[in-house]
Amino acid sequence: MYPPPPTPTPSTSTSTLGFLLLPSELLHEILFRLPLPDLHRLRSVSRPLSSLVSSPEFRRLYHLNSSISSSSWLFLLSRRPPHDSFLLGFHSPSSRWSFRLPLRSLPRFDDPYFLASSGPFFLFASNLRQDLVSFHLPSSSLLRLPPSPLGPRGTSSWRRASLKLSADPTSQRFRFLFAEMFNHLPYLFEYRSDTNTWHASEAVPVNPDRPYSPDPLNVYLHLAHITTESLVLCTGPGTNGPVLLRPRFTENPFGSDRLHVYGDGNMVIVKSAPVEEGSRARMRMRLLIAIELWGISSDGTEWVLTSKVSTEMIEEVKKPYGVMMGCMAEREGVVRVVLMSNCKGAWDLVWLSYNRAKGVWSWVPVPDCGTKGLNMAGIALSSTFSRLWPSPAGEEFK
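These notes cover the structure that comes with them.

Rules used throughout
- Residues numbered from 1 in each chain as written.
- Predicted model: local features only at pLDDT ≥ 70, side-chain atom pairs only at ≥ 80, totals over all residues.
- Heavy atoms only, no water.
- Helix = DSSP H or I, 4+ residues; strand = E, 2+ residues; numbered from the N terminus.
- Buried < 20%, exposed > 50% of the residue type's maximum accessible area, 1.4 Å probe, protein only.
- Phe/Tyr/Trp six-rings, centres within 6.5 Å; stacked < 30°, edge-to-face > 60°.
- Core = buried A, V, L, I, M, F, W, Y, C linked by side-chain atoms within 4.5 Å.
- Contact = heavy atoms within 4.5 Å.

## A look at the environment of P216
At step 1: Take P216: it is sitting in the loop between strand 12 (204-205) and strand 13 (219-226).
At step 2: On the basis of relative accessibility, which here comes to 83%, the residue P216 falls in the exposed class.
At step 3: Along the primary structure P216 and E332 are separated by 116 residues, whereas in three dimensions their C-alpha atoms are 7.8 Å apart.

Right under this line is the structure:
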């Protein structure tokens, strides 16, 4: 799935030998900054380099460094009509688009819409077949999921804030969860790949039998927001089944000047204003003026303001746009927010991260990847892709 590695030459071998003579601390510092696809290609440059990056000790340190540095990936599906689609991946530590998967090479893969990523798995929805398809990268295998208890669903039925893909990077198993109202009641639907079956369970209000407490292992799925109240389904080790949280605002947070993005028990409110041109506003063009991060209180009853992006950072990232969408995820105390906007056919990406321990926002500049004039068909964040690695038994990326 990656471009072929360069053919080794005598000069390449000499350069490789000199590179390997660097102090181990400096050598590791350089290699740890490389995204996983580049490390895979590096293994084909020379045997010494292959032995180094394939060793269990280097793999352990690479995984550890990925966890400490909060290494993360942004994936998006770009589509060039009629049938040319690519899944592109941006690696935040290296600030590069380092992953490209042409979906036309996958058999019987019709009209894909990208939903989520976790570990070695990517999940897509098909609008033509109205089903779900998972793709396992190391084996290049596709799996069509059986219909959910709600039956066939088109791509417009899937809401990003109400679904979660969870996979173990070292195995070929995953879980897919989504929340939906069924017969006016909140339900959690869960698919397990090891049994190839779905399970449905009703979410109930918090009570002594179904307690709620904040936990990093909790999964939060946003169902709806009505005036000042949200409906958020939560499931985790301490909930004894899915519970329904109803966090409230003191005032109605909605308005024509605001975009809400939900994920992992958080909410970002993006505030904007019309772009003025002379004495009148340009048709439907807007400009960012503020971004706020909110979280659910410890008892699950309120939305609490966590932080605001500084005015200086807003000035750095704001651009005129016509339409905007976003995604967000939290892992190990770092909240990542990506806003994707379009202005006259040109796409722009803004990636912001908030470190809870430091109380600091950071901006990750995302270069253009040649998406002007293309259709965007899904976007997702992943913090586990950098921990994916071929197994000792010889499982390789294709």
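Resuming the write-up.
## Regarding the packing of aromatic side chains
At step 1: Throughout the structure, instances matching the rule amount to 23 aromatic pairs.
At step 2: Where F121 meets F174, the ring centres are 4.7 Å apart and the plane angle is 50°; that geometry is what we call tilted. You can see F121 sitting in strand 5 (residues 121-126) and its partner F174 sitting in strand 9 (residues 174-182), a full 53 residues away along the chain.
At step 3: The class of F121 is buried, set by a relative accessible area of 4%.
At step 4: Look at F249 and W294: their rings are 4.8 Å apart centre to centre, the planes differ by 65°, and that puts the pair in the edge-to-face class. On the criterion of sequence distance, the pair formed by F249 in the loop between strand 15 (243-245) and strand 16 (258-263) and W294 in strand 18 (residues 280-296) is long-range, its members being 45 residues apart.
At step 5: On the basis of relative accessibility, which here comes to 9%, the residue F249 falls in the buried class.
At step 6: Residue W294 is classed as buried on the basis of its relative accessible area of 16%.

## Here we look at the nonpolar core
At step 1: If you look at the biggest cluster of nonpolar residues, it comprises 20 residues, and the most contacted ones within it are V268, I291, L339 and L352.
At step 2: Beyond its immediate stretch of four places on either side in the chain, V268 contacts L259, H260, V261, I291, E292, L293, M328 and V337.
At step 3: Formed by 18 residues, the second largest nonpolar core is a distinct cluster that contains L163, A167, F176 and W198.

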